[in-house]
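Here's the letter readout for the chains.
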Amino acid sequence: SKSANKPNRLFVEAEPLGSELYDAIDAGDVKAGADNKLQGRLLADDFGWDVSEARKIWAFGPDGTGPNMFVDTTKGVNYLLEVKESVVGGFAWASQNGPLCEEQMRGTRYNLMDVVLHADAIHRGMGQIMPVARRVCFASMLTAEPGLLEPVYLCNISVPPDAMGNV
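## Some words on the overall build of the protein chain
The helix and strand tally for the protein chain stands at 5 helices and 4 strands. When its helices and strands are written in sequence order, the protein chain yields β-α-α-α-β-β-α-β-α. Taking 2.2 N^0.38 as the reference for a compact globule, 167 residues should give roughly 15 Å; the C-alpha atoms of the protein chain span a radius of gyration of 19 Å, well beyond that estimate. Over its C-alpha atoms, taken along the principal directions, the protein chain stretches across nearly 75 × 40 × 25 Å. Evaluated residue by residue, the protein chain yields a buried proportion of 37% over its 167 residues. A separation of at least 24 residues holds for 71% of the contacts in the protein chain among residues at least 6 apart in sequence. Element-wise, carbon and sulfur atoms account for 51% of the exposed surface of the protein chain, whose accessible area totals about 9,900 Å². Across the protein chain, the centroid of the 15 positively charged side chains sits 10 Å from that of the 22 negatively charged ones.

Dropping the structure here:
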């Protein structure tokens, strides 16, 4: 996806995480802020990830803890760490309000494949990069054949015994 001023581009691919991995994220076995080496080894051993990619997880989303990941798979990109916060912000925005129904996304891994950035820092600010990151997450999700999950709501209703027939 291109930025509004055109010199900045992000190339991202989306793929499913797998039910075992997003269950491990929900259980807290894999989480944001964990030691990169230990978490990288866990992802490599238990879920078949490449160790170098597992150590370069930029963010979990939504809300920094959810079952979606943004992974940096690039090599040798200039100025990349300067736009990391903007890219993570765009990813968080996209994973909170997905492309299909504006619902939270679940079980998606986004691989940052390549980045082209303007040499001048004023042209790669938050206002230029964050909307691009959101759009590229949406585009990669839509090209990866997304699906909708059925919502389930469980509730217990307590009523007095004489009103039981009315419920």
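## Here's the deal with the environment of Met113
Looking at the secondary structure, you find Met113 in strand 4 (residues 108-116). Residue Met113 is classed as partly exposed on the basis of its relative accessible area of 36%. Not counting chain neighbours up to four residues away, the residues in contact with Met113 comprise Phe11, Val12, Glu13, Thr73 and Thr74.

## Details of the side chain of Asn68
As for its position among the elements, Asn68 is in strand 3 (residues 68-72). Within polar-contact distance, the side chain of Asn68 engages the backbone oxygen of Gly61 at 2.9 Å. At a separation of 3.2 Å, a polar atom in the side chain of Asn68 contacts the main-chain amide nitrogen of Gly107.

## As for the packing of aromatic side chains
Any two aromatic rings considered together are summarised by their centre-to-centre distance and by the angle between their planes. Scanning all chains against the criterion turns up 3 aromatic pairs. Geometrically, the ring pair formed by Phe70 and Phe91 is tilted, given 5.5 Å between the ring centres and 50° between the ring planes. Of the two residues, Phe70 is situated in strand 3 and Phe91 in helix 4 (residues 84-96); the sequence distance between them amounts to 21 residues. Taken individually, Phe70 and Phe91 each receive the classification buried, so the pair is uniform in this respect. Between Phe91 and Tyr110, the ring centres sit 5.8 Å apart and the planes meet at 70°, which makes this aromatic pair edge-to-face. Placement of the pair is Phe91 in helix 4 and Tyr110 in strand 4, with a sequence separation of 19 residues. Residue class for Phe91 comes out buried when judged on its relative accessible area of 0%. Within the aromatic cluster, the residues linked to one another by ring pairs are Trp58, Phe70, Phe91 and Tyr110. Lying across the ring of Trp49, Arg109 places its NZ or CZ 4.0 Å from the centre. In this structure, Arg134 packs its charged tip against the face of Trp93, placed 4.3 Å from the ring centre.

Thresholds applied
- Note on numbering: residues in each chain are counted from 1, in written sequence order.
- With the structure being a predicted model, the display of local features is reserved for residues of pLDDT at least 70 and the display and counting of side-chain atom pairs for 80 or more, all residues being used for whole-chain, interface and lining totals.
- Values reported for side chains reflect all heavy atoms of the structure, with hydrogen atoms and water molecules removed beforehand.
- Working definition: helices are DSSP H or I runs of at least four residues, strands are E runs of at least two. Numbering for both runs from the N terminus.
- Radius of gyration: C-alpha atoms only; globule rule: 2.2 Å multiplied by the number of residues to the exponent 0.38.
- For every residue, the accessible area obtained with a 1.4 Å probe (protein chains only) is divided by the maximum for its type, and the residue is called buried under 20%, exposed over 50%, and partly exposed between those limits.
- Residue contacts follow a heavy-atom distance rule, with two residues in contact if any of their heavy atoms lie within 4.5 Å.
- To measure how exposed things are, a 1.4 Å probe is used in the Shrake-Rupley method; for residues, cover is taken only from the protein chains shown.
- Counting rule applied: Lys, Arg positive; Asp, Glu negative; His and chain ends not counted.
- Charge positions are represented by NZ for Lys, CZ for Arg, CG for Asp and CD for Glu.
- Under the rule applied, a polar contact is a pair of N or O atoms within 3.5 Å (in protein, one hydrogen donor and one hydrogen acceptor; residues adjacent in sequence only if both atoms are side-chain atoms).
- Only the six-membered ring of Trp is used, alongside the rings of Phe and Tyr, when aromatic pairs are assigned; centres must lie within 6.5 Å, and planes under 30 degrees apart are stacked while those over 60 apart are edge-to-face, with the rest tilted.
- A ring is scored as having a charge over it whenever the NZ atom of a lysine or the CZ atom of an arginine sits within 6 Å of its centre and within 35 degrees of its normal.

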